[in-house]
Amino acid sequence: MIRKLGFYPGCVMSAEQYAYEMSIREVLPDLGVELVDLENTSCCGAPLRSVNLLMQMYLSARNIAVCEEKGLDMFVPCALGHLSLVETKNRLNNSKELREKIVKKLKENEGLEYRGDLEIYHTVDLLHDVIGVERIKEKVSNPVKWKIACHYGCHTIRYTEAGRPDAAEHPSKMEEIIKAIGGETWNYSEKLNCCGAPLMVTHKEAALTKTGEKLKAVKDRGFDALAIVCPYGGRLLDGKQEKAGSTIGEKLDVPVFYLTQLVGLAVGRNPDRLGLNLNLSPVDRLI
Amino acid sequence: MGKTAVFLCHCGDNIAATVDIEKLKKEFSKDKNLVVKNHMFLCSEAGQQMILDTLDKNKDVDRLVIASCSPKHHWNIFKDCVKQKLNAYMFEMANIREHCSWVHSDREEATKKAYSIIKGAINKVQHHEPIGTVDVPVNRDVLVIGAGIAGMHASLELADKGFHVYLVEKEASIGGNMTKLGRTFPTDDCSMCTVSPIMNEVKAHPNIELLTLSEVVGLSGRVGDYNVTVETKPRYVDLDRCTACGLCTEKCPVSIPNNYNLGLDKTKAIHIPFDGSVPNAAFIEEEACLKINKGVCGICEKVCPADAVDFNQKKERRELKVGAIVVATGYQQTDLSNTEYYYEHPDVITGLELERMIVPSGPTGGKVVCPSDGREPKTITFIQCAGSRDKRHKEYCSNICCMYSIKNAKIMRAKFPDATINMCYIDIRAPGRRNEEYYALAREKNINMIMGRPSQIMDTPDGRLFFDVFDKATNKFMRVESDLIVLATALEPSEGTKRMAKVLHLQYGLDKFLSPLHVKIAPVDTTTEGIYIIGTAEGPKSIQDSITDAGAAASRVATILKDDVATVDLTTAVIDPDKCTRCGLCREACRYGAITESYEVVDMACKGCGKCVSVCPEDAIEIRHLTKAQLRAQVDGILEGDPDSVIAYTTETCGYNAADIAGTSRMEYPSMVKVVKLPCVGRLSVEDILYPFEKGAKGVMIFACPKGLCHYVDGTEAAEEKYMKAREILEEKGVDVNRLRFVEILTPDGQKFQRSCREMAEYLKGVQ
Amino acid sequence: MMGLTDLFNMSKPEGDKQKELIRQLAVLGVKNPSLCFQCAKCTSGCEAMKLLELQPHSVMASVKTGFLDEMMNSDVIWACVGCFKCKERCPQEMSPVDVMFILKNWYVMSGGSLPGDYQNLLQGILSTGYIQEPVEVLDKDNKGWSREKLGLPKRGHPKNINGFMSALSQLAAEKL
């Protein structure tokens, strides 16, 4: 075992994007990461940035405190959640005023002790930096020999100042992992484009247009599939592909996998245990 | 001892707006030993006359304090003034502008601090003694580093004036970046046609000695007597024999990217740098040659009809003696890979790469093409400020990009009458005579000026470049497809410039360009007398401005080397033979071998850093310009003026300069901090560090030049050792060691000075 | 009458609000918008520009000059997807995205009605701690799968839901 981490799935993954969660739980122990479920968790607050930034930071801070109670570092596979938690940790470290305000409320209302000195990992840096590409490579028994486009999602890589799992302009860790498990991949110009997910709250049509354009780009670039690391994005890119297609007047049929599902396939885990039956995009075509 | 005159400068309202000069005058006038005067501008002729008149009228005055700006600013002016009546060292400057009025806003607080600073200076000056001078021979040879247009022009100017010039160039040919350009603004003449005659003139001049493939690696000495170490890489070709026939290149089997053409084409491991290079001879790129690296091949040696190839050449070191040095090491383009500029696509090029394609003798024979497939571009887009005016890359404006991009857009229009030409910009900067007119000519050329800049450059699945941009002028969000994108890439100091900063101990900014002594009134001088900076080593600038610099520096050199003998002050160490026990500690500490076996100081070798003083157990050695008595008296005075002070010992260079920059940038910090200037922090003994605590100071800070950048080799390390020792002693005595701090700081880092002072004050507030 | 006036609606810059905005940005560690030099790179890269015509550079310009109310009450700032491209790539290290977050927060605080699904998200968090409850998802054969059926453990939830809600409602009334 190389690491024991508090597992914080966040709203979307734990409420509907079960495929991501299943593949994480199936794959990580095999690669040396023990996941410990946390009991007192809630939403990370990221969806509330526009409504109230103090609430957002409180929610992020409370989940950090919940994990710190266990004395563990943290694994946050949702990009949106990861950014919110890391950013809040930084902000509370940099502003005495904010820290006092939030810490006091955590203590008084929920009896939580906040320290803010834990490490917070996302899927990309956990696989690439902690587990390491070499270790993954060693375990590969069933290489996935497809052409796979990588989609990091906005919050996995931006913004640099907050400290992200990979570089903002030329991220490459997902690509290295894809290559390690036998896939072929290359850079494409739309790689950093947004999938539209956050717009679902206020502008559904626009959100689906962005999803459609992103998937069309992946298709036009000659990829067989798309790999993702964000449940918020998965909800649209995988779950609403048909709708996105009709919004932009295109037929879209891009198989979309969570990166952990692809790693699971490559290291020979049972496809059923990776939640592949729950992917709504045509993943069967490849498996 | 006579009386002391104190002169208070208003500096217009620079000082007087924050410091109550009248109040200070009243306070100091209470002391019958002081003659106190004030003036609106002490540095003016009238101000200086008042100083002279005061000395004339008060014959009992034998020393003075000038409370005004930083000594870095006007020390020489006041020194020359004082010298007319007294010894030049019988005065002390109290810096109540940069260290007081410019960094505090509360009038009462600032006045209190000014009082304390001046009190320190008055106390100190009581211990001043006249310092003599000595005449030294002046070496009238000159070293010019970098043979680009600025360095060549300076060399020719100096050589024509009769000076012997060593011109050192790290490349195999002289000429620099200007040889790579197509045409130059605002005259649009062919760059090589302008620079080539200058290169040949340099080569032919009897007073210029050319050293190519050479770099300066060491420097010692002082103005009029510099000793420079130059390292020359082997060329592996005998310059006298090579006829530049090119046969070796033809036969060489090793193909390598042609760096001169920015990798746009290939060349061989042995090649002539470029058409018209000087010297016009082949050279071997060491890293690529099979013979040198693997001991095989050697074809060039066999085929050379002139028998010029010589694999026995070795790296050589040479010592040059010169009186002055001109640094002209230039710029390079900033590397924008791993940014949003999509530098990886072959058809995204820099302005300099486009220049190479414009040159008829360049890699494409003067044809502008898309490097990816050699096709003629139908749409060419210029993107301005690529990396410039960008805090994430280069905060400064690169100065020449607007003009050269306009020029290149004009050239593209002439070459491709039907092409679409776009330019994305923030603002067009074409200031001064001729430039706006030049821009106006370009506006007639049907160039789409897009007022906005792209966020990211992309390409389509079949490799065509495009980006989206919002144009503020038309209010349109546009997709711009281009065959060729030309980035106006930010300029940055060349690697050589960055190295010279270290080797020559030159001051540089946070942007890494070399800093002049004074931005406005001493633009080519540096903080080291006898070393001058010109051209783009000092900042991005045009060819015209570089040549102006070169002329100015040549004139400065001629001034400083006009006589065979120079008079220098004896600001050196001196040993009291009655006290000296010949223990050897001072000799061990001195990095210049300035103390003889018979314990006498060699004035010509001593740099006056004072490290010897800090180790002498018998108080037998002193430096004339900062004696123990002076230092302690100054601290006493400051604490008398404000018992709650923190004493900030600074080096004369980085530390003091950083405090000055905090001043000129109006970075406020707590007024309890008072600067005490040392030649080098190596001057501090453990007792000197502890002394302020004994006298009740709230704290002591030591601002040292960063390790490796000490102006006296290892003064910083020496001071750190004493600091550690002082900490131990404080701890033993039960004094809070956090009241003593050691900070390494660079000249431009006024922010760090401010931060350090604030942190100290904050801490002291907390423990009270 | 001194200073600037917007002749379209006769409004004037609001210096106090501008100061408050700058203060709140500082609390978040975000720089004062005054450094913006209007290169419009943010707008060129804005994910909500083409579809929803969001122009971050003009939000910055209005904020810089002090015309805050107009921006605060405009629909267009709700089009921001929060992708952080403007912040990442700004040559002056400005953060239009954070400026818009604060303006939206103010709009909500001033009693403005929440657009789109925000009311539901907020309600969800206040009642259960999450924006949504776990659902039974359908696979391609229309077969339903819950967490339980998939063998996934129950997800965590705020143990002291009253304390949790009270903390959030206190914060809703507080200034950043």
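These numbers were taken from a predicted model, which means no experiment stands behind them.

How each quantity is defined
Residues numbered from 1 in each chain as written. Chains lettered and ligands numbered in written order. Predicted model: local features only at pLDDT ≥ 70, side-chain atom pairs only at ≥ 80, totals over all residues. Heavy atoms only, no water. 1 Å grid on protein atoms, 1.4 Å probe; cavity = no way out; pocket = protein on both sides within 12 Å on 5 of 7 lines; lining within 4 Å. Points joined across faces, edges and corners; volume = space filled by probe spheres on them. Helix = DSSP H or I, 4+ residues; strand = E, 2+ residues; numbered from the N terminus. Nonpolar A, V, L, I, M, F, W, Y, C, P; charged D, E, K, R; others polar. Contact = heavy atoms within 4.5 Å. Buried area = accessible area lost by both parts, 1.4 Å probe. Salt bridge = Lys/Arg side-chain N within 4 Å of Asp/Glu carboxyl O. Polar contact = N/O pair within 3.5 Å; in protein donor to acceptor, adjacent residues only side chain to side chain. Domains from an automatic or database assignment. Core = buried A, V, L, I, M, F, W, Y, C linked by side-chain atoms within 4.5 Å. Buried < 20%, exposed > 50% of the residue type's maximum accessible area, 1.4 Å probe, protein only. Disulfide = S-S within 2.5 Å. Expected span 1.5 Å × (residues − 1). Pairing = 2+ DSSP bridges. Axes fitted to C-alpha atoms, helices over the stretch in contact; angles between N-to-C directions.

Inspection of the entire model under this criterion finds 15 cavities of 30 Å³ or more. Taken as a whole, the largest cavity encloses approximately 260 Å³ of empty space. Around the largest cavity, the lining is made up of 22 residues, and of these A:Ala46, A:Pro198, C:Val81, C:Phe101 and C:Tyr118 lie nearest the centre. Within the residue set of the lining of the largest cavity, elements represented by two or more residues are helix H4 (79-94) of chain A together with helix H7 (96-109) of chain C. Considering every element that reaches the lining of the largest cavity, the biggest residue donor is H4(A), with three residues. Here the lining of the largest cavity is composed, by residue class, of 15 nonpolar, five polar and two charged.

We now examine the interface of chain A and chain C. Counting residues at the interface gives 72 residues for chain A and 67 residues for chain C. Summing the contributions of chain A and of chain C, the shared interface buries around 6,100 Å²; its carbon and sulfur component is 61%. Counting across the interface, chain A meets chain C through 11 salt bridges. Residue A:Asp284 is joined to C:Lys140 by a salt bridge in which the shortest nitrogen-to-oxygen separation is 3.7 Å. Taken together, chain A and chain C are joined by 34 residue pairs in polar contact (both at pLDDT 80 or more). Broken down by class, the residue content of the side of chain A that touches chain C amounts to 33 nonpolar, 18 polar and 21 charged.

Residue and element names in this part refer to chain B. Domains assigned within chain B are domain 1 (1-131), domain 2 (142-230 + 317-330 + 494-560), domain 3 (247-313), domain 4 (336-490), domain 5 (570-621) and domain 6 (643-768). The distance between the C-alpha centroids of domain 2 and domain 4 comes to 31 Å. Across the contact, 15 residues belong to domain 2 and 18 residues belong to domain 4. For domain 2, the biggest contributors to the area lost against domain 4 are Lys180, Phe185 and Pro540; these three give 39% of the whole. Counting across the domain 2 and domain 4 interface gives one salt bridge. For Asp188, the salt bridge identified is with Lys410, shortest N-O distance 3.3 Å. The tally of links from domain 2 across to domain 4 stands at six residue pairs in polar contact (both at pLDDT 80 or more). Taken together, the residues of the side of domain 2 that touches domain 4 sort by class into five nonpolar, five polar and five charged.

Structurally, chain C comprises domain 1 (15-109) and domain 2 (118-172). For domain 1 of chain C versus domain 2 of chain C, the separation of C-alpha centres amounts to 32 Å.

Below, the discussion takes up the nonpolar core. Among the nonpolar cores identified, the biggest contains 167 residues, and A:Leu28, A:Leu127, A:Leu226, A:Val263, C:Leu21, C:Leu103 and C:Leu176 are the most heavily contacted of them. With 11 residues, helix H3 (residues 53-69) of chain A is the largest single contributor of residues to this core. In terms of nonpolar packing, the next biggest core, distinct from the first, is built from 42 residues, B:Ala594, B:Cys612, B:Cys616 and B:Ile623 among them.

The next subject is the state of the cysteines. All chains considered together, the criterion is met by one disulfide over all chains. Linked covalently through their sulfurs, B:Cys190 and B:Cys193 form a disulfide whose S-S length is 2.3 Å. Taking the sign of the torsion about the S-S bond as the criterion, the disulfide between B:Cys190 and B:Cys193, at about 90 degrees, is right-handed. Note on B:Cys190: relative accessible area 25%, which makes it partly exposed. Judged by relative accessible area, B:Cys193 falls into the exposed class, the value being 55%. Lacking any disulfide linkage, A:Cys67 is separated from the closest cysteine sulfur, that of A:Cys44, by 14 Å. In this structure A:Cys67 comes out as buried when scored by relative accessible area, which is 0%.

Let us look at the interface of chain B and chain C. Across the contact, 18 residues belong to chain B and 20 residues belong to chain C. For the pairing of chain B and chain C, the buried interface totals around 1,700 Å² over both sides, and the portion due to carbon and sulfur atoms is 55%. Among the residues chain B hides against chain C, the three largest losses belong to B:Lys391, B:Phe470 and B:Phe477. Together they make up 34% of the total. Joining chain B to chain C, the criterion identifies one salt bridge. Between B:Glu340 and C:Lys41 there is a salt bridge whose closest N-O contact spans 2.6 Å.

Here the focus is helix H21 (residues 715-732) of chain B. Residues and elements named next belong to chain B. Along its 18 residues, H21 runs 26 Å from first to last C-alpha, staying within 8% of the 26 Å computed at 1.5 Å per residue. Each element contacted by the buried residues of H21 is listed here: helix H17 (611-615), helix H20 (686-694), strand E35 (699-704) and strand E36 (740-744). With its phi angle positive at about 80 degrees, Gly734 sits one or two positions after the end of H21.

Residue and element names in this part refer to chain A. Spatially, E5-E6-E7 is the arrangement adopted by the three strands of the open sheet, whose pairing is parallel. The open sheet has two edge strands with one neighbour each: strand E5 (148-151) and strand E7 (256-258). Strand after strand, the sheet turns through a mean of 30 degrees between neighbouring axes, direction not considered. With four bridges joining them, E5 and strand E6 (residues 225-228) adopt parallel strand pairing. Note on E6: the bridge partner recorded for Ile148 is Ala225. The sheet strands contacting helix H8 (residues 173-180) are E5 and E6, and the helix crosses E5 at an angle near 150 degrees.

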